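# Residue-level structure breakdown
Each chain is listed here by its residues.
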Amino acid sequence: MRASARIVAEADGRGGTRLAVLRGESPLLLRRTGPATAGGATVHLVGGAAGPLRGDDLRLEIEVGPGAELDVRSVAASLALPGRPGMPPSRLAVRAAVASGAALRWLPEPLIAASGCDHRTTTHVEVAAGGRLVWRDDLVCGRHGEPAGDVRTRTTIRYAGATLYRHDLAIGPDAPGWAGAAVLGGPPHEPAGAAQATDPPHKPSGAGWATGSVIVAGPDLPPARVLPGDAAVMPLAGPGMLAVAVGTDIRAVRAALDPLCDPVPVPTG
Amino acid sequence: MSLATLLVLADGRLPAGGHAHSGGLETAVSSGRVRDLAGLSGFLHGRLATSGRVAAAFAAAACARTAEWPVWDAGLDARTPSPALRRASRAQGRALLRAGRAMWPVAAVGREPHHPVALGAVAAAAGLDPAAAAVAAAHGTVTGPASAAVRLLGLDPYAVHALLARLAPECDRIAADAASRTAAPVDDLPAAGAPLLDIGAEQHATWEVRLFAS
């Protein structure tokens, strides 16, 4: 299935944001939601079909013009599924541009890498100097008790014409060492022997593990700190910060990262 | 190209401060994530596929195109979200430059470049090619934590070196891939991240007592 969707948000000249373009097709269907009073606009991705499945090629373009504010969310987690064998990997390419004085907050529900999936997500965001970005991505490694399929994500965040953050992540059977203690795995904070005693036999390594990240770019950044659990807020070399969390399930990731996304981070100037 | 020169550069006894860094293993041991040889194996595979792949690509690029070092240095900044890991990489880059300059006429690459940039520049000065710079980089990302594991966990050094031997073909594959990409734009170079290495490095930097610098 091939599908493309496009959102163009502009300042309406009265302190609010209007959606000059809001166009999608199944499974990338878009709906404007929420009150139009708060200055910004909110758009939800509403899944129009199961997937992504192998062979799917999905593209989403987001443009936020000067002075406009846009939140993009999704109504439910997306579940990458195997689809027919022999088909190419499913792909989702998201491109976003944020103008000076504009704000984009990308806060979708997690991507779940179901067993046997083969999925690629590519993200490219260009933020002009003076623009503000909050970019959240959560990934769950398999549904409950099943081994993760293959997911590769490729993220490029540029700010004021320079690359602020480049990050690739690969999980699944084709990714060497992803479930090891350097990347996402290894039994944390348990005395020796406890994992063997409590884990069900033959539980696949890394099943149900989750990770999430929030990139904040622009003038108003939250302070750096080590968060409880396996999470940290880190100032990037450029004008931005990354919060990243790893957990044995998505709840641990949400507990660490949700407070950074909702409510709107308050400028600490 | 001189294989003996490559051995000089990749030797763990090179006085470039590498022994002071555990490559994230000290935190992984402390958190209980690495307890034994199997845990170390998973750690080393993941580190080689992420940090090793990135270091190899940037060492190769800095060897082939040393004059463009600010581009590679900025590319590594964008791939290293942890401030503690940026500091560790630059401290090791500075130490390597000092050792390298005692041996060969190394081109100017700033006072404290990221370690792979320094490695690429030193390799070029030594007459090595980008594939050699890359293999030294990839190999170095696993030998440091492997020797730290012997000290931190008291693992059998023979068994630990057997792990390194099994990773050698993967180091070669990563180096060959890195050497084939030296003409690529910096944003297209590998950027494989390791969330637990980033988080662990930030936690480690807050410790009052630690055996290793990173």
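Overview of the structure. This is a predicted model, so every value here is computed, not measured.

### Describing the interface of chain B and chain A
- With 36 residues of chain B at the contact, the number on the chain A side is 40 residues.
- In total, chain B and chain A occlude about 2800 Å² of area from one another, counting both sides; carbon and sulfur atoms represent 59% of this.
- Sorting the residues of chain B by area buried against chain A places R33, R35 and D187 of chain B first, and these three jointly supply 23% of that buried surface.
- Linking chain B to chain A there are three salt bridges.
- Notably, a salt bridge pairs R158 of chain A with D187 of chain B, separated by 3.8 Å at the nearest N-O pair.
- Taken together, chain B and chain A are joined by 14 residue pairs in polar contact (both at pLDDT 80 or more).
- When residues of the side of chain B that touches chain A are traced back to their parent elements, those giving at least two are α3 (37–64), α4 (69–79), α5 (83–103) and α9 (195–205) of chain B.
- Residues belonging to the side of chain B that touches chain A are distributed by class as follows: 16 nonpolar, ten polar and ten charged.

### Quick look at the side chain of T66 of chain B
- Inspection of the secondary structure assignment puts T66 of chain B in the loop between α3 and α4.
- Polar side-chain contacts of T66 of chain B include one of 2.6 Å to the backbone oxygen of A62 of chain B.

### Description of the nonpolar core
- The biggest cluster of nonpolar side chains holds 122 residues, and the ones touching the most others in it are I62, L70, L104 and I171 of chain A.
- With 14 residues, α3 of chain B is the single largest residue contributor to this core.
- Apart from residues no more than four positions distant in its own chain, L104 of chain A is found in contact with I62, V64, L70, V72, A96, V98, R132, L133, V134 and W135 of chain A.
- Ranked by size, the runner-up nonpolar core spans 19 residues in total, among them V214, L227, A256 and C261 of chain A.

### Here we look at the side chain of E26 of chain B
- Tracing the sequence through the fold places E26 of chain B in helix α2 (residues 25–30).
- Setting aside its immediate chain neighbours within four residues, E26 of chain B contacts L152, H204, W207, R210, L211 and F212 of chain B.

### Concerning the pairing of strand β6 (residues 69–74) of chain A
Residues and elements named next belong to chain A.
- As judged from the five bridges shared by strand β4 (residues 41–47) and β6, these two strands associate in the parallel manner. Bridging across to β6, A41 finds its partner in L70.
- Here β6 runs beside strand β9 (residues 103–107); their pairing, made up of five bridges, is parallel. When the sheet's bridge partners are listed, L70 is paired in β9 with L104.

Rules of the game
- Residues numbered from 1 in each chain as written.
- Chains lettered and ligands numbered in written order.
- Predicted model: local features only at pLDDT ≥ 70, side-chain atom pairs only at ≥ 80, totals over all residues.
- Heavy atoms only, no water.
- Contact = heavy atoms within 4.5 Å.
- Buried area = accessible area lost by both parts, 1.4 Å probe.
- Salt bridge = Lys/Arg side-chain N within 4 Å of Asp/Glu carboxyl O.
- Polar contact = N/O pair within 3.5 Å; in protein donor to acceptor, adjacent residues only side chain to side chain.
- Helix = DSSP H or I, 4+ residues; strand = E, 2+ residues; numbered from the N terminus.
- Nonpolar A, V, L, I, M, F, W, Y, C, P; charged D, E, K, R; others polar.
- Core = buried A, V, L, I, M, F, W, Y, C linked by side-chain atoms within 4.5 Å.
- Buried < 20%, exposed > 50% of the residue type's maximum accessible area, 1.4 Å probe, protein only.
- Pairing = 2+ DSSP bridges.

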